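Coordinate analysis (summary)
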Amino acid sequence: MQGLIRKNFLLQNKQAERLYHDYAAGLPIVDYHCHLPPQEIASNKHFTDLTEIWLKGDHYKWRAMRALGVREELITGAASNEEKFLAWAAAVPNTVRNPLFHWTQMELKNPFGVDAFLNSDTAPEIYAHCNALLAEPGFSVKGLLEHNRVVLVGTTDDPCDALQYHQQLQGQGNSFVVRPSFRPDPVLNIADKESFLAYKQRLELASGISITNMESLLSSLQERVQHFHQHGCRISDHGLVQMPTLPASLSAVEKDFSTFLNRADFQMPDADAFAGYVLLHLCKFYHTKGWVQQFHLGAIRNLNSRLRSRLGADSGVDSIGDDAQAMRLARFLDALDSEDKLCRTILYNLNPALNEVFAAMTGNFNDGSVAGKIQYGSAWWFLDQKDGIEKQLNTLSNLGVLSTFIGMTTDSRSFLSYSRHDYFRRILCNLIGQEMEQGTLPDDDQWMGSIVRKIAFSNARDYFSV
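This report concerns the structure included in the present document. (Residues numbered from 1 in each chain as written. Predicted model: local features only at pLDDT ≥ 70, side-chain atom pairs only at ≥ 80, totals over all residues. Heavy atoms only, no water.)

**Focus on the pattern of salt bridges**
Applicable threshold: By definition here, a salt bridge exists when the distance from a side-chain nitrogen of Lys or Arg to a carboxyl oxygen of Asp or Glu is within 4 Å. Each residue gets one of three labels from its accessible area relative to the maximum for its type: buried under 20%, exposed over 50%, partly exposed in between, using a 1.4 Å probe on protein chains only. Helix and strand assignments follow DSSP, with helices taken as H or I runs no shorter than four residues and strands as E runs no shorter than two, numbered in order from the N terminus.
Enumeration over the complete set of coordinates arrives at 24 salt bridges. Residue Lys45 pairs with Glu52 through a salt bridge whose shortest N-O separation is 3.0 Å. The class for Lys45 is partly exposed, based on a relative accessible area of 22%. The class of Glu52 is buried, set by a relative accessible area of 17%. In this structure, Arg413 and Asp314 form a salt bridge, with 3.6 Å as the shortest nitrogen-oxygen distance. Of the two residues, Arg413 is situated in the loop between helix H18 (386-399) and helix H19 (419-438) and Asp314 in the loop between helix H15 (305-311) and strand S8 (319-320); the sequence distance between them amounts to 99 residues.

So this is what it looks like as structure tokens:
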């Protein structure tokens, strides 16, 4: 049977084919947000087998395998890497219409050159073929980044990180740039007192500042922002259920925080207001540095307590939240904009019912200083599939300006996920190509192709100053 990933995969008319092949295919990749380990890039890691590079840590695949009745031993348990791969291969034929089915075939096609469908019959040969390639120099971490023409990797890093691997990377003369991103989520989670106090100790060690009150907490965070900036950071990121509220009384939050630090039996009476106070100050720090800030909103995490206790966080038991977003988001952005301290901002929405809410919000705070200053971010997590990508593109087109969009990012922990940029580019070209054919967009390759090229590459290159 001929493989699924053919030359014109997802391209449904001649206009789409021309847009893709003449304007989008082979463009460099600006992967401005991901979860790739900088240590593995700095050491140019070679993976032992396909399971290690492809299945380990991939909670998308874990969820599908559990749904198909695969035992946990063969997913995250004690089974061998080969047994885990064979279990995944047996599951793949039953994932049709899930994006995993497309991604699986795309990631086998590029970079491994595998056209065959993955199933129990083909699995042994595919496993041996890919494992042999992984032993070659071109399939090291750096080899894969170069193969995919990646020019920027934006990792996700804790404020307490020393960033020693980023420092190593800066001196290696690579063809790509790896930049850290500042992700301060733990310092906003004061509702869990034990975790917060443990993180406070880490922050004190990293910053060299004893945290005894709000002023010293903010000073320690400002020091870490400066440390990150010196190591090439130009992006922050925040994973929140919803934007925190802004406190009615700053002095009350400051007083409560001092009591919180000095009394073991005292909990913050308004943890949300504390998060709003700290995050607002952080965003002002970012503005002074000229950073881009990202807000990933709407995920509710670690919902299965049994699996959380066995496997820890990020084990594939997260979901889409249905919390209200609009007014909290508007008030927070306005508080920064009213002081002219709102930096370039990307808003990611996880609940498709709120697509129009987020897209409309971005238009309120553009100020003419840069094209697309406030971005309605790419379809994320549960939404980064064909239907979700098309809905995001359509919503942005209807309520914003599509031509300013900075395009796709992997948001991935896998070095094989760069095919998702190709997936996005094909979907984009097909969407525009269909409307060219229908006569609702000009049938002008050069005009429409220039828009495609911006969205697929050059807007992100300029937005992040690559």
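**Describing the environment of Gln15**
Convention followed: Whether two residues are in contact is decided by their heavy atoms, any of which lying within 4.5 Å being enough.
With respect to the helices and strands, the residue Gln15 is situated in helix H1 (residues 14-24). Taking the relative accessible area as the measure of exposure, Gln15 reaches 10% and is therefore buried. For the pair Gln15 and Tyr165, spaced 150 residues apart in sequence, the C-alpha to C-alpha distance is 44 Å. Once residues within four sequence positions are removed from consideration, Gln15 is found in contact with Gly433, Met436, Glu437 and Asp443.

**Examining empty space enclosed by the protein**
Quick reminder of the rule: The distinction between a cavity and a pocket rests on a 1 Å grid over the protein atoms alone: a 1.4 Å probe fits inside a cavity but cannot get out, while a pocket stays open yet meets protein on both sides within 12 Å along at least five of seven lines, and a residue with an atom within 4 Å of a point counts as lining. Grid points are joined across faces, edges and corners, and a volume is the space filled by probe spheres set on the points.
Considering all chains together, one arrives at three cavities of 30 Å³ or more under this definition. If you add up the space inside the largest cavity, you get close to 60 Å³. What lines the largest cavity is Val30, Ile406, Gly407, Met408, His421, Phe424, Arg425, Ile455, Ala456, Phe457 and Ala460. When residues of the lining of the largest cavity are traced back to their parent elements, those giving at least two are H19 and helix H20 (445-463).

**Observations regarding the sheet that holds strand S2 (residues 150-154)**
Condition: Strand pairing is assigned whenever DSSP detects at least two bridges linking the two strands. Between the N-to-C directions of two axes lies an angle of 0 to 180 degrees, each axis being a line fitted to C-alpha atoms and, for a helix, fitted only over the stretch in contact.
Spatial ordering of the open sheet is given by S1-S2-S3, a layout of three strands whose pairing is parallel. Each end of this open sheet is capped by a strand with a single partner; those strands are strand S1 (29-31) and strand S3 (177-179). Geometrically, the sheet is characterised by an average inter-axis angle of 10° between neighbouring strands, direction not taken into account. In the sheet, S2 pairs with S3 via three bridges, with the strands oriented parallel.

**Describing the packing of aromatic side chains**
For clarity, the threshold we go by: The aromatic pairing rule takes the rings of Phe, Tyr and Trp, using the six-membered ring of Trp, and pairs them if the centres are within 6.5 Å, calling planes under 30 degrees apart stacked, those over 60 edge-to-face and the rest tilted. Either the NZ atom of lysine or the CZ atom of arginine qualifies as a charge over a ring when it sits within 6 Å of the ring centre and within 35 degrees of the ring normal.
Taken as a whole and assessed by the stated rule, the structure comprises 22 aromatic pairs. An angle of 25° between the planes, with centres 4.7 Å apart, marks the rings of Phe85 and Tyr127 as stacked. Residue Phe85 is located in helix H5 (residues 81-91), and its partner Tyr127 is located in helix H7 (residues 123-134); the two are separated by 42 residues in the primary sequence. Ring pairing ties together the aromatic residues Phe182, Phe228, Tyr286 and Trp291, which thus form one cluster. Above the plane of the ring of Phe260 lies Lys193, whose end atom (NZ or CZ) is 4.5 Å from the centre.

**Things to note about the pairing of strand S9 (residues 344-349)**
Here is the rule we go by: We call a crossover right-handed when, viewed with the strands running away from us, the connection from the first strand over the helix to the second turns clockwise.
Taking burial as the measure, the six residues of S9 include six buried ones, the bulk of the element. Of the two faces of S9, the one carrying Arg344, Ile346 and Tyr348 and the one carrying Thr345, Leu347 and Asn349 are both buried. Pairing between strand S6 (residues 292-297) and S9: six bridges, direction parallel. The residue of S9 that forms the bridge with Val292 is Arg344. Relative to strand S10 (residues 374-376), S9 is paired through three bridges, and the arrangement is parallel. What sits directly across from Leu347, in S10, is Tyr376. Running through helix H17 (residues 355-362), the crossover from S9 to the neighbouring parallel element S10 is right-handed.

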